[in-house]
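# Coordinate inspection notes
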Amino acid sequence: MTEPVILVGFMGSGKSTIGRRLAERLGVEFRDLDARIEAREGRTIASFFDQEGEAFFRELESRSLAAELSAGGGFVLALGGGAFAQERNRALLAGHDTVWLDCPFELVAARVARETNRPLARDPERFARLFAERRPLYALAKHRVAVISDDPDEAVTAILHGLTRPE
Ligand code: S3P
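Before going into details, it helps to say that this report is about the structure given with it.

## What to know about the site of the ligand
The local shell around the ligand holds 14 residues, among which Lys 15, Asp 34, Arg 58, Arg 118 and Arg 134 are the closest. At 2.6 Å from an oxygen atom of the ligand is found a side-chain nitrogen or oxygen belonging to Asp 34. At a separation of 3.3 Å, an oxygen atom of the ligand approaches a polar backbone atom of Gly 82. For the ligand, whose accessible area on its own is 390 Å², the fraction buried by protein is 92%.

Structure (structure tokens):
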């Protein structure tokens, strides 16, 4: 595999868990964009939201995404939930194998409800609004896989099937 596979979708849809398993199956490196930002900056994502604000984090996120893609090669990259909602990031990802992990609201809400380490999951109303607003944007990804269980292997199998299917 020489091209990256990029997982997009809402908070709690399983991007990191499924991504790690997918990378194992493909025999490539797994990268988590948020984890890489945190490791490089020596700070948590929440601290950027709390101290500099969301716009500052989005800048950092876009620059990090551009850097990951420019290096080239085959790997699986999990994005943070807001990354694909940004037009400039979708432009960077045009032509790449983006996969939307489409997970129902009940499942993502149960997984991340009231989590304090996810700034945008702290307020349940905002969380629900973001979910509805972003669905049409995630739908712009090249592939869509329904995530309806907690078993990551089900999603991995569906992703592999979708990636090998001729368009
Ligand atoms: C965000 C999702 C988070 C993280 C940040 C913002 C979002 O990533 O990037 O808190 O805007 O949905 P996860 O989707 O991994 O939780």
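## A closer look at the layout of surface pockets
Estimates place the volume of the largest pocket at around 650 Å³. Considering the residues around the largest pocket, the lining is formed by 34 residues, among which Met 11, Gly 12, Lys 15, Asp 34 and Arg 118 are closest to the centre. Of all the elements in the fold, those that place two or more residues in the lining of the largest pocket are helix H1 (15-26), helix H2 (33-41), helix H3 (45-51) and helix H4 (54-70). With four residues, the single largest contributor to the lining of the largest pocket is H1. Residue composition of the lining of the largest pocket, by class: 12 nonpolar, 10 polar and 12 charged.

## Quick notes on the side chain of His 96
Along the chain, His 96 falls in the loop between helix H5 (87-93) and strand E4 (97-102). Looking at His 96, the relative accessible area reads 18%, which means it is buried.

## Examining the packing of aromatic side chains
Counting across every chain of the model gives seven aromatic pairs. Counting every residue linked through ring pairs, the aromatic cluster contains Phe 10, Phe 105, Phe 127 and Phe 131. Taking the ring centre of Phe 75 as reference, the NZ or CZ of Arg 31 above it sits at 3.7 Å.

## Re empty space enclosed by the protein
Tallied over the full model, the rule gives one cavity of 30 Å³ or more. If you go around the largest cavity, the residues you meet are Phe 10, Ser 13, Trp 100, Leu 101, Asp 102, Cys 103, Phe 131, Arg 135 and Tyr 138. Among the elements of the structure, E4 and helix H7 (124-138) are those that each provide at least two residues to the lining of the largest cavity. Residues belonging to the lining of the largest cavity are distributed by class as follows: six nonpolar, one polar and two charged.

Cut-offs used in this document
- Residues numbered from 1 in each chain as written.
- Predicted model: local features only at pLDDT ≥ 70, side-chain atom pairs only at ≥ 80, totals over all residues.
- Heavy atoms only, no water.
- Near = heavy atom within 4 Å.
- Polar contact = N/O pair within 3.5 Å; in protein donor to acceptor, adjacent residues only side chain to side chain.
- Areas by Shrake-Rupley, 256 points an atom, 1.4 Å probe, with all protein chains shown as cover.
- 1 Å grid on protein atoms, 1.4 Å probe; cavity = no way out; pocket = protein on both sides within 12 Å on 5 of 7 lines; lining within 4 Å.
- Points joined across faces, edges and corners; volume = space filled by probe spheres on them.
- Helix = DSSP H or I, 4+ residues; strand = E, 2+ residues; numbered from the N terminus.
- Nonpolar A, V, L, I, M, F, W, Y, C, P; charged D, E, K, R; others polar.
- Buried < 20%, exposed > 50% of the residue type's maximum accessible area, 1.4 Å probe, protein only.
- Phe/Tyr/Trp six-rings, centres within 6.5 Å; stacked < 30°, edge-to-face > 60°.
- Lys NZ or Arg CZ within 6 Å of the ring centre and 35° of its normal.

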